[in-house]
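# Survey of secondary and tertiary structure
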Amino acid sequence: MRSIKFRIWHKPTNQFVRCHPVWDDEKYTELGLLSLTSDGELIFETMYDGFQRLSSNEVDDFIVQQYTGLKDKNEVEVYEGDIADWCEDSYIDEGTQPATIVWHELEGWKCTWYTEDRSELCTEPLYFYENHRYFEVIGNIFEGVKK
C-alpha cells in the first residue's frame, strides 16, 4: 500500500517545518502538532489551547507538498517540488538537465523541464524513471540543487 505523506515549506523562515511547529512569540517552537486535514486545511494543536485552525494569512505562509510514493536510487523519498537527475554524467546537454517533479491533475506525477524563464519545455510521466539506476533527488525548488 502506498504511503500518503506530506512535507511543509514555511515561507517566512525559508525552511521545511518538522511535524511539530507552532507559532509562539514570532517564531516556531516545538509546543504543538501541525496537521493537514482531509479537506486540505492546516490546523495545529497545542498542549495548552487544543486545536486551532490557521488563519488565511497564516496558511499562505505554508506550501504543502505530497510524497509521490516513489524513492530514488538512494532510497530517498521523492516529493512534489523535488529536482531529480537520472544521468550518469549530469549536465552534458539540454537532454540531461534535471527535472522538477510536479502533479498534473489529469495525468498524475510528471518530470517537467523548464526553460530559463520558467516556461514548461516538456514533461514525461514520473514512472518512466522509477527504476532507473541513476534516478536521484538532487534538491528541491526551494533550496536549489545540492550537487
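The notes below deal with the structure included here. What you see is a predicted model, and the numbers here were worked out from it, not measured in a lab.

## Quick look at unusual backbone geometry
- The backbone of Asn14 sits at a positive phi, close to 50°, despite the residue not being glycine.
- Along the chain, Asn14 falls in the loop between β1 (6–10) and β2 (15–17).
- Despite not being glycine, Glu75 shows a phi value in the positive range, around 65°.
- Mapped onto the elements of the fold, Glu75 is located in the loop between β8 (62–71) and β9 (77–79).

## Here's the deal with the nonpolar core
- Ranked by internal contacts, the top residues of the largest apolar core, which has 13 residues, are Trp86, Ile101, Cys111, Trp113, Leu126, Tyr129 and Phe135.
- Where this core is concerned, the elements lending two or more residues are β11 (99–104) and β12 (108–114).
- The greatest single-element share of this core, amounting to three residues, is contributed by β12.
- Sequence-distant contacts of Trp86, that is, excluding residues within four places in its chain, are made with Ala99, Cys111, Trp113, Tyr129, His132, Tyr134 and Phe135.
- Ile8, Val17, Leu34 and Phe62 belong to the second largest nonpolar core, which has seven residues in total.

## Some remarks on the sheet that holds strand β14 (residues 136–140)
- Read from one edge to the other, the open sheet built from six strands follows the order β13-β12-β11-β10-β14-β15, with strand pairing classed as antiparallel. The open sheet has two edge strands with one neighbour each: β13 (120–125) and β15 (144–145).
- In this sheet, β14 lies alongside strand β10 (residues 82–85) in antiparallel orientation, the contact comprising four bridges. Of the residues in β14, the one forming a bridge with Ile83 is Gly139.

Conventions we followed
Residues numbered from 1 in each chain as written. Predicted model: local features only at pLDDT ≥ 70, side-chain atom pairs only at ≥ 80, totals over all residues. Heavy atoms only, no water. Helix = DSSP H or I, 4+ residues; strand = E, 2+ residues; numbered from the N terminus. Core = buried A, V, L, I, M, F, W, Y, C linked by side-chain atoms within 4.5 Å. Buried < 20%, exposed > 50% of the residue type's maximum accessible area, 1.4 Å probe, protein only. Contact = heavy atoms within 4.5 Å. Pairing = 2+ DSSP bridges.

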